[in-house]
Structures are given as C-alpha cells and as structure tokens.
Amino acid sequence: MLKAIVLDMDATLLTSENEISPATLTALLQAQQAGTTVVLASGRSYLRLLPDASKLHLADYGGVLIDVNGTSLYDVKTQQRRYIGGMDAPRIKRVVDFFSQFEVEIQFNQDDAIVTYLPEPIYVMKRRIRGEMRLPDDYPWTGGMYSWLCDMRDGYPHQTMIRDLAEAPTHANKLSIVQEPDKIHFVADSAKAQPIWQEFEFAFSDPRKMEVTPKNVSKGSALLALMQERGWQPDEVAAFGDSGNDVSMLKVVKYSVAMGNALPVAKRVANYSTADNNHDGIAKFLQQLNG
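Residue positions are counted from 1 within each chain, in the order its sequence is given. Local features in a predicted model are, by the rule used here, given only for residues with pLDDT of at least 70; side-chain atom pairs are given and counted only at 80 or more, and totals for whole chains, interfaces and linings are based on all residues. Think of the side-chain values as coming from all heavy atoms in the structure, minus any hydrogens and water.

**Q** Quick rundown of the overall build of the chain? Include the residues and the values.
**A** Tallying secondary structure elements over the chain gives 12 helices and 14 strands in all. Throughout, the radius of gyration refers to the C-alpha atoms, and the reference size of a globule is 2.2 Å times the residue count to the power 0.38. Expected size for 291 residues packed as a compact globule is a radius of gyration near 19 Å; at 19 Å, the chain falls within 12% of this value. By principal-axis analysis of the C-alpha atoms, the chain measures approximately 55 × 40 × 35 Å. Here's how the labels work: a residue is buried when its accessible area is under 20% of the maximum for its type, exposed when over 50%, partly exposed in between, all with a 1.4 Å probe on protein chains only. Counting across all 291 residues of the chain, residues that qualify as buried make up 55%. The way it works is that DSSP assigns letters per residue, a run of H or I at least four long becomes a helix, a run of E at least two long becomes a strand, and they are numbered from the N terminus.

Next comes the structure, spelled out in structure tokens:
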C-alpha cells in the first residue's frame, strides 16, 4: 500500500476550471481512509493551498503541504509550518541584477503578498490591456499562467506594483521571471550560459513563468526531507506532476506519474503516465495501481 500520494496543483490535481474532479476527490478520500497521507506540492503559498486542503479533509487525515516549490512544510492538522529556506536580500539582488537586463516582469512572492516589478515596455502594454478590459483600479498587475493579467488575491491578498527595483523587497519565498513563452525561453537559455544558473534552482511552473529559489530548495528536496522524517521509502510514494517544477519530486519516487497534459520535461523523467487533469488522470492511475 502507498504511504503517501504527492500532488502538484495547477494542471495536475486541478482541472482547467480550477476544481478537483468528483472522481479524483473520491479516490483521494478513499486513499486517506485506508491510511495513505496526501501531500499537496505546489509553487503556491500554503495560504492559497488551504481551501483545496479543506476539500480533501487533509486536517482530518494528517495531510501535508509542500509550498512555494519546497520553501516550507506545513502540517495541516497541527497548523505548524516549518520554513526551509527562501530568498534573502543578497540572493534577491543577485537575481534582480542579472534578469533586469532583459525585458521581463519580476515577481517577488511572499506568504500572503506579491510585489510585481514592471519595466516600461511591459507596463505600457499592461496599462493598455487593463483599459481595453475595463478593469478596476485595484485589479492586480501580476502576470499569470495564461495571460499578462491574473487575479490571485484569493491566496495573495496583498499585491503591489513597482516601477523601480530600488523598491524591491529584501525577502521573498521565491522570485518569478515572466514573459511570453518564446521570450522567456530565450532568457533561460541566456542564464544557462552564466554562473547564476549554478547558484539557484530554476524551474518552469508553466510556459510563461520561470521560478527561482535558493540552491537545493525544491519540491524534491522538501519531499525527501518529509520521506526521511516519516520513514517512507521511494517505492511507497506516488507523485503526480505536469511541469518543470515537478521534475525534482518525480525523480525521487518509484511511482512518478506525468499527467497526459504534462510538458515534455516532466514526461521524460516520470516512470508512468496517466490521463490528463480534465479526465481524472489521478483517479485512473490509483485505480490501476490498486488492481
């Protein structure tokens, strides 16, 4: 029997409508009733994970959250959070100094806040988009998975836009570098040729966003720490993911599963595959595994 099921959120556990499908919800509740621990592993802050943790009744079954790509471990039942490591002022300066030479949006993610830096060309573009969409003045300026504007105030209620990097915060859980897919991959390729690529962890959470955390802070490192604490062996854990920031955790367990909608980088490292997030991929794999 599996000791743990580890789940990425966006495009893995959640459908395109940002919901947990009924079949997947039932499968995960049954697994917990049988003694399996469910772990949510996400680039999101733990505060943004708690509503879905509640739907899964993780507090009743001792579930755990791996948030912000491994920045912390959060015990949902005891509400205890163990902070593993984030971006301090020197690390932030190093990343900002390098990536500010490109035309990119830079996001500074904190527990309940996002500070978004916009260079002039992106600011002008977003101002035009906001006008065309007739958005209210308090609508966030932050870019998201699918577009240049995304409202994530459900998990990050405090959002600020800055135009001067001198106003950048001195601490963050992670930084995100945002651009259109073709441009952000050019930025990533440029970084790979520089020493900075070895100084931090870089992972794509979606085709538009490259996330930056301290070296050796990832979903995989946090999962390994949790496995060691709980005595879980690699063949007792299943992990599901779809993107670049899931690769580190897919590498450390036997039952590593790429969703049908997963990016090629996730499919290459996963040992198994299943249906996509809109067709109960998680539930179907668990059913097959249980015979």
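That covers the picture; the talk isn't over yet.
**Q** Describe the side chain of Thr116, listing the residues and the values that go with them.
**A** Looking at the element boundaries, Thr116 is found in strand S7 (residues 113–117). Polar side-chain contacts of Thr116 include one of 2.9 Å to the side chain of Thr142. If we ignore the near neighbours within four places in the chain, the residues touching Thr116 are Glu105, Ile106, Gln107, Trp141, Thr142, Thr160, Met161 and Ile162. In protein, a polar contact requires one atom able to donate a hydrogen and another able to accept it; more generally it is a pair of N or O atoms within 3.5 Å, and residues adjacent in sequence count only if both atoms are side-chain atoms. In what follows, residue pairs with any heavy atoms lying within 4.5 Å of each other are defined as contacts.

**Q** For the environment of Ser273, give the residues involved together with the corresponding values.
**A** Here Ser273 is to be found in strand S14 (residues 272–273). By relative accessible area, Ser273 is classed as exposed at 59%. Measuring from C-alpha to C-alpha, the distance between Ser273 and Lys219 comes to 19 Å, with 54 residues separating the pair along the chain. Non-local contacts of Ser273, meaning those with residues more than four positions away in its chain, are made with Val257, Ala258 and Phe285.

**Q** Which residues make up the pairing of strand S6 (residues 105–109), and what values go with them?
**A** The element S6 is extensively covered by neighbouring structure, given that five of its five residues are classed as buried. Strands qualify as paired when DSSP identifies two bridges or more between them. With five bridges joining them, S6 and strand S9 (residues 174–178) adopt antiparallel strand pairing. Bridged to Glu105 within S9 is Val178. Pairing of S6 with S7 involves four bridges; the strand directions are antiparallel. Its bridge partner lying in S7, Ile106 is registered against Tyr117.

**Q** Report on the pairing of strand S11 (residues 209–214), specifying residues and quantitative values.
**A** The buried count for S11 comes to six of six residues, which makes it a mostly enclosed element. Strand direction decides the pairing type here: S9 and S11, joined by four bridges, are antiparallel. Residue Leu175 lies in a different strand from S11, and its bridge partner there is Val212. Inspection of the sheet shows strand S10 (residues 200–206) paired to S11 by six bridges, in the antiparallel sense. Note on S11: the bridge partner recorded for Ala203 is Glu211. Counting the residues between successive antiparallel strands, the hairpin from S10 to S11 contains two residues.

**Q** Go over the nonpolar core with me, naming the residues and quoting the values.
**A** Core analysis: the largest hydrophobic core is formed by 29 residues, its most contacted members being Leu7, Leu13, Leu28, Leu40, Leu65 and Phe240. Of all the secondary-structure elements, those providing two or more residues to this core are strand S1 (4–7), helix H1 (9–13), helix H2 (22–33), strand S2 (37–41), helix H3 (46–55), strand S12 (237–241), strand S13 (255–258) and helix H12 (281–289). The biggest single contributor to this core is H12, with four residues. Those residues in contact with Phe240 that lie beyond four places of it in its chain are Ile5, Val6, Leu7, Asp8, Thr12, Met249, Leu250, Val257, Met259, Ile282, Phe285 and Leu286. Of all hydrophobic cores here, the second largest spans 28 residues; its members include Phe102, Val104, Phe108 and Phe204. Take the buried residues of types Ala, Val, Leu, Ile, Met, Phe, Trp, Tyr and Cys, join any two whose side-chain atoms come within 4.5 Å, and each joined set is a nonpolar core.

**Q** Now, about the pattern of salt bridges: what can you tell me, with residues and values included?
**A** We define a salt bridge as a contact between a side-chain nitrogen of Lys or Arg and a carboxyl oxygen of Asp or Glu at a distance within 4 Å. In this structure the tally under the stated criterion is 21 salt bridges. Residue Arg44 is joined to Asp10 by a salt bridge in which the shortest nitrogen-to-oxygen separation is 2.7 Å. Taken together, the residues Arg44 in the loop between S2 and H3 and Asp10 in helix H1 connect sequence positions 34 residues apart. What makes Arg44 buried here is its relative accessible area of 8%. Judged by relative accessible area, Asp10 falls into the partly exposed class, the value being 22%. Arg208 is the salt-bridge partner of Glu180, the closest N and O atoms lying 3.7 Å from each other. Remark: Arg208 occurs in the loop between S10 and S11 and Glu180 occurs in the loop between S9 and helix H7 (181–192); sequence separation between them is 28 residues. Salt bridges sharing common partners tie together Asp8, Lys219 and Asp246.

Limitation: the analysis is restricted to geometry and does not speak to function.
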